[in-house]
Each structure stands twice: as C-alpha cells, then as structure tokens.
Amino acid sequence: FLRRFEATSVRDLMAAMQRSSAKVWRGQPKKDRRLALIDADGTQAETSGECKQGMDISYKGRRTA
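Here the structure is a predicted model, which is why all the values come from computation and not from measurement. (Residues numbered from 1 in each chain as written. Predicted model: local features only at pLDDT ≥ 70, side-chain atom pairs only at ≥ 80, totals over all residues. Heavy atoms only, no water.)

### A closer look at the overall build of the protein
When you go through the protein residue by residue, the secondary structure sums to one helix and two strands. Secondary structure elements of the protein, listed N to C terminal, follow the sequence α-β-β. By sequence separation, contacts in the protein at least 24 residues apart represent 7% of the contacts at least 6 residues apart. (Helix = DSSP H or I, 4+ residues; strand = E, 2+ residues; numbered from the N terminus. Contact = heavy atoms within 4.5 Å.)

### Digging into the confidence of the model for the protein
Mean pLDDT for the protein: 76, with 58% of residues reaching 70 or above. Looking over the protein, one finds the lowest element-wise mean pLDDT in strand β2 (residues 63-64), namely 54, and the highest in helix α1 (residues 7-26), namely 90. (pLDDT = per-residue confidence, 0-100.)

This is how it looks when you write it as structure tokens:
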C-alpha cells in the first residue's frame, strides 16, 4: 500500500501517527503507561490480481500482495 506514496508522504504519515500515539499515552493514567502490547496480525490473504507490483508467492504456494 505505501509503495504508492513518495518517501516524504510516508514520513509525514509516520510523524502524524507518532503525534497521535503520544497524545493517547499522555491521556492514560501513569500506572497504565508502563506496558504497551502490540497485537500484530501476520495473516496472508490470497489475491488473484495480475497487475500487482511486488506480488510474490507465499511459503504456502499462494499469490500474496
């Protein structure tokens, strides 16, 4: 998804996310600021697009973007 953007746009997006994250953290009680859990989803979704730049075959042999 981010390959469609210029590097400066990606940096701007990252900066906006960092500002939002800092604002959320400041709004939390101090006792809740000690630990952050990141729930990362590693799901690979099969796709049939033929014109997807950067598409590859997953370890299961499926075409993924």
